[in-house]
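A closer look at the structure
Residue strings, one per chain:
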Amino acid sequence: MTRRYCIIGAGYTGLAVAKAYTDLGLDYDHIEATDAIGGNWSHGVYDSTYLISSKDITGYPDYPMPEHYPDFPSAAQMRDYLRGFAAEFGLDRRIEFDTLVTDIAPLDDSGLAGWRVTVADGTVREYAGVVIANGHYWDVNIPSYPGEFTGQQIHSKNYKRPSDFQGSRVLVVGAGNSGCDLAVEAATTFGASEISLRRGYWFIPKYVLGVPSGKFDIGSVPVPKVVQEAVFRSIIAIGMGSFASFGLDKPQHGIFDQDLVVNQQLPYFLKHGRIAVRPEIARFDGHTVHFVDGTSGEYDTIVWATGFRTTFPFLRDGLLEWEQGQPKLVAHTFAPGLANLSFAGLVAPRSGAGMLLMNSARLLAEAALLQQRLRTPVGDLYTLVSKPSARILAGGPELRWEARRGRWLLRAMAELLILRGLVTGSSAAAQANSVETPGLPVSVLRPILALSRRIA
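On a predicted model such as this, the values are computed, not experimentally measured, just so you know.

Right, let's get into the sheet that holds strand S19 (residues 296-298). The three strands lie next to each other as S17-S18-S19, forming an open sheet whose pairing is antiparallel. The open sheet terminates on both sides in strands that have one partner only, identified here as strand S17 (281-285) and S19. The sheet shows a mean angle of 20° between the axes of neighbouring strands, taken without regard to direction. The sheet contact formed by S17 and strand S18 (residues 288-291) spans four bridges and is antiparallel. Pairing of aspartate 285 across the sheet is with threonine 288, part of S18.

Attention now moves to the sheet that holds strand S1 (residues 4-8). Where strands meet in a sheet, backbone hydrogen bonds hold them as pairs that are either parallel or antiparallel. The strand order across the open sheet formed by five strands is S3-S2-S1-S7-S24, and the pairing between neighbours is parallel. Sheet topology places strand S3 (95-96) and strand S24 (341-343) at the edges, where each strand pairs with a single neighbour. The pairing of strand S7 (residues 129-132) with S24 spans three bridges and is classified as parallel. Note that in S24 the partner of isoleucine 132 across the bridge is phenylalanine 343. The strands touched by helix H1 (residues 12-23) are S1, strand S2 (27-31), S3 and S7; relative to S2, the strand with the most contacts, the crossing angle is about 165°.

So, on to helix H4 (residues 75-88). Taking 1.5 Å of rise per residue, 14 residues should cover 20 Å, and H4 covers 20 Å from first to last C-alpha, within 8% of that figure. Those residues of H4 lying buried are Ala75, Met78, Tyr81, Leu82, Phe85 and Ala86. Buried residues in H4, looked at end-on, bunch into an arc of 130°, giving them a common side. Where H4 is buried, its residues contact H1, helix H2 (40-43) and helix H3 (55-58). Positioned one or two residues after H4, glycine 90 has a phi angle of 70°, which is positive.

About the criteria used
- Residues numbered from 1 in each chain as written.
- Predicted model: local features only at pLDDT ≥ 70, side-chain atom pairs only at ≥ 80, totals over all residues.
- Heavy atoms only, no water.
- Pairing = 2+ DSSP bridges.
- Helix = DSSP H or I, 4+ residues; strand = E, 2+ residues; numbered from the N terminus.
- Axes fitted to C-alpha atoms, helices over the stretch in contact; angles between N-to-C directions.
- Contact = heavy atoms within 4.5 Å.
- Expected span 1.5 Å × (residues − 1).
- Buried < 20%, exposed > 50% of the residue type's maximum accessible area, 1.4 Å probe, protein only.
- Arc of directions from axis to C-beta.

This is the structure:
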């Protein structure tokens, strides 16, 4: 079988993977379900969207965002940037647009023999491996409550501009980054809006002492969680002060247990009386929404800013183990027990992902090369340093460290292949050199020589 790979998704993450595969000379098909580059930035955000991480830490390291861009570029600027990145490295010429993947299945029990990919027109293709980079912000989650609401309902993913509101009485449900933006947009459009919260949220200001707050989540060496929490609590204290003074409940969960909200406008509008806070919904009755505290309100439009479900409709049941709605993966990347099936971008970092994407995409490409020489899934060997987990929230330093550590492990495995080939006289040594790695000292290799029994 031809050593060709399949990359699914041509968004922020998929483009980084394509660049890494191109750099290492891996042949691939790049499949995109829509008609445009950019993923969620092209078809899943509203017109007034701006980045919540600054351009310096969001752009790819080998293709910085333009100097004239503001600290926090708009959605339109982000789309232009991604198209420019794809054109600069010739990635756009390899993308198959309007091609929907409907089924992915291994050619054998473990995927070592490759994968079969079926697209919507019925075409069946075989690949050495598949990278799933189609994102996890597309399958909308809308909670259910008793009764019926007879006004308009729209999820934040489907909202584009104020003309999408029907009537002036708007209730936004959920205070994630989108929920805060849309409550503010409704208040700006109609003079006031309301937002329903079932719990407290940690609000991070975009700037701290004139510096984009995401820059405090830097580095590639793990920082003790207590130190990270102390830094972010200080940022919140500076930006928010007392939650009660804004009419908000203080969060009862740990600061890193849920997504952080990077927003300064919602507190501003709360203080100016433009946005009112409501508790969780209890039930509907026509245009009336009843809340759990016994109060009620009349609304024309409900905007559901209630997040997304992580789903892969093209993956057959049983391939992944799930926990609390997320697949259990090794290093957010490898499916346990399966070779040549990788996931890219299935993580929610606290800050800009530019450097992280570069390193994790390179990790995927190097793993694909190494997997060609192994009879054991790379991810299973990786469990020696990283156990499978369904957690997708993580800090920038941990994620960047994980990617770097993974690449070191792959290089060590490549060195082992070289040593084994030299001892046995096989061609494995020459083949292993296809993974571009610097030589590792014997002191690093000796503790992992026991792995050689599990390597081709």
